[in-house]
Amino acid sequence: MKEYFFYMNLSYDKCLGYYYGHYTSVQVIEDGGKSIRFPAERIRPFISSIGIRGRFRLILDDSNKFLSLEKVT
């Protein structure tokens, strides 16, 4: 199992493209500098009226398959 932490800050307008499926993936830079891409549908639960802001934890299995995404702050 692999665990990555990153900060995400997207305005509501930018989030709409992800929410409506115009984008298939999200690419972030985790705290250690590694670029990670995961399915855009996974951020939908975190979209609010201000967009997405906060620190997140992404958990992948040993084959780099998505396990979970949670907001930590």
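Up top you'll find the structure we're talking about.
The rules we used
Residues numbered from 1 in each chain as written. Predicted model: local features only at pLDDT ≥ 70, side-chain atom pairs only at ≥ 80, totals over all residues. Heavy atoms only, no water. Buried < 20%, exposed > 50% of the residue type's maximum accessible area, 1.4 Å probe, protein only. Helix = DSSP H or I, 4+ residues; strand = E, 2+ residues; numbered from the N terminus. Pairing = 2+ DSSP bridges. Phe/Tyr/Trp six-rings, centres within 6.5 Å; stacked < 30°, edge-to-face > 60°.

### Let's talk about the pairing of strand E2 (residues 25-29)
Thought 1: Going residue by residue along E2, you find Val26 and Val28 tucked away on one face and Ser25, Gln27 and Ile29 left uncovered on the opposite face.
Thought 2: Here 5 bridges tie E2 to strand E3 (residues 35-39), and the two strands are oriented antiparallel to one another. Each bridged residue has a counterpart across the sheet, and for Ser25 the counterpart in E3 is Pro39.
Thought 3: If you look at the hairpin formed by E2 and E3, you'll find 5 residues sitting between the two strands, and Gly33 has a positive phi there, around 100°.

### Some words on the packing of aromatic side chains
Thought 1: A complete count under the given rule lists 5 aromatic pairs for this structure.
Thought 2: With centroids separated by 5.8 Å and ring planes inclined at 20°, the aromatic side chains of Phe6 and Phe56 adopt a geometry described as stacked. In this pair, Phe6 is assigned in strand E1 (residues 2-10) and Phe56 in strand E4 (residues 52-60), connecting sequence segments 50 residues apart. Grouping residues by exposure puts Phe6 and Phe56 together as buried.
Thought 3: Aromatic side chains Tyr19 and Tyr20 sit 5.2 Å apart centroid to centroid with 85° between the ring planes, which places their arrangement in the edge-to-face category.
Thought 4: For Tyr20, a relative accessible area of 55% translates into the label exposed.
Thought 5: Ring pairs connect the aromatic residues Phe6, Phe38, Phe46 and Phe56, which therefore count as one cluster.

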